[in-house]
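For reference, the chains in residue letters:
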Amino acid sequence: MTVIDLSGQIADLCARYPQYWLADEAQRELQALWGGANCNDCGVFERDETVRIDLDGTHWYGEIRIAVAPNGWHAISTSYWYGQGGGGSSPSVWNRTAYTARDEAIAAGIDKLIVTFQGVRDWKGSAPSNQSALAERMIETLKVYLSQSRQLSLF
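Figured I'd write up the structure that's included with this text.

About the thresholds
Residues numbered from 1 in each chain as written. Predicted model: local features only at pLDDT ≥ 70, side-chain atom pairs only at ≥ 80, totals over all residues. Heavy atoms only, no water. Helix = DSSP H or I, 4+ residues; strand = E, 2+ residues; numbered from the N terminus. Expected span 1.5 Å × (residues − 1). Buried < 20%, exposed > 50% of the residue type's maximum accessible area, 1.4 Å probe, protein only. Arc of directions from axis to C-beta. Contact = heavy atoms within 4.5 Å.

**Digging into helix H3 (residues 102-121)**
Turn by turn, an α-helix covers 3.6 residues, leaving residues three or four places apart pointing in a common direction.
So, point 1. An ideal rise of 1.5 Å per residue puts 28 Å on 20 residues; H3 measures up with 28 Å between its terminal C-alpha atoms.
So, point 2. Every buried residue of H3 is listed here: Glu104, Ala105, Ile106, Ala107, Ala108, Gly109, Ile110, Leu113, Ile114, Phe117 and Val120.

Structure follows, in structure tokens:
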């Protein structure tokens, strides 16, 4: 997996612009770093692709949002939903990691979703009695999707 770590560049911007979240110039520099990416005023990419992975017979799912910048880098974010909650975000120029290929981006997104659903599975607080089993099924569904997408990329 070819991963580009942008943490250093973002840390530099945050140091140079104490209120970086308000600094238009900071965002313009990040847009340039991503090859002149089009984004909204919060740095969220304007165009992206969504890969949704559902757990059959339930309302559980995981999504990977992939935005491709003009320089060919891929930014990802994840969203998820299960019986008691969910969460998510959108890919932006503030992402600290870029990927050079779509399949790498999807693999990274699935890895993030697996970690998320492991947390749901292992939750120690109050939860429905079937939550742990459903979370384990979702994790297995994600692993199957990942293995199938890797096999397809071999051909």
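**Thoughts on helix H2 (residues 24-33)**
So, point 1. Residues of H2 that are buried: Ala26, Gln27, Leu30 and Gln31. The arc enclosing the buried residues of H2, seen along the axis, measures out at 140 degrees, which places them on a common side. Seen from the buried face of H2, the exposed residues on the opposite side, beyond 90 degrees, are Asp24 and Ala32.
So, point 2. In this structure, the buried side of H2 is in contact with helix H1 (7-16).
So, point 3. Within two residues after H2, Gly35 carries a phi angle of roughly 85 degrees, on the positive side.

**Some thoughts on the environment of Gly87**
So, point 1. Its location among the elements puts Gly87 in strand E5 (residues 85-88).
So, point 2. Looking at Gly87, the relative accessible area reads 29%, which means it is partly exposed.
So, point 3. Each C-alpha atom of the pair Gly87 and Thr141 lies 19 Å from the other, and the pair is 54 residues apart in sequence.
So, point 4. Sequence-distant contacts of Gly87, defined by excluding residues within four places in its chain, comprise Thr78, Ser79 and Tyr80.

Without other data, these values stay purely geometric and don't point to any function.
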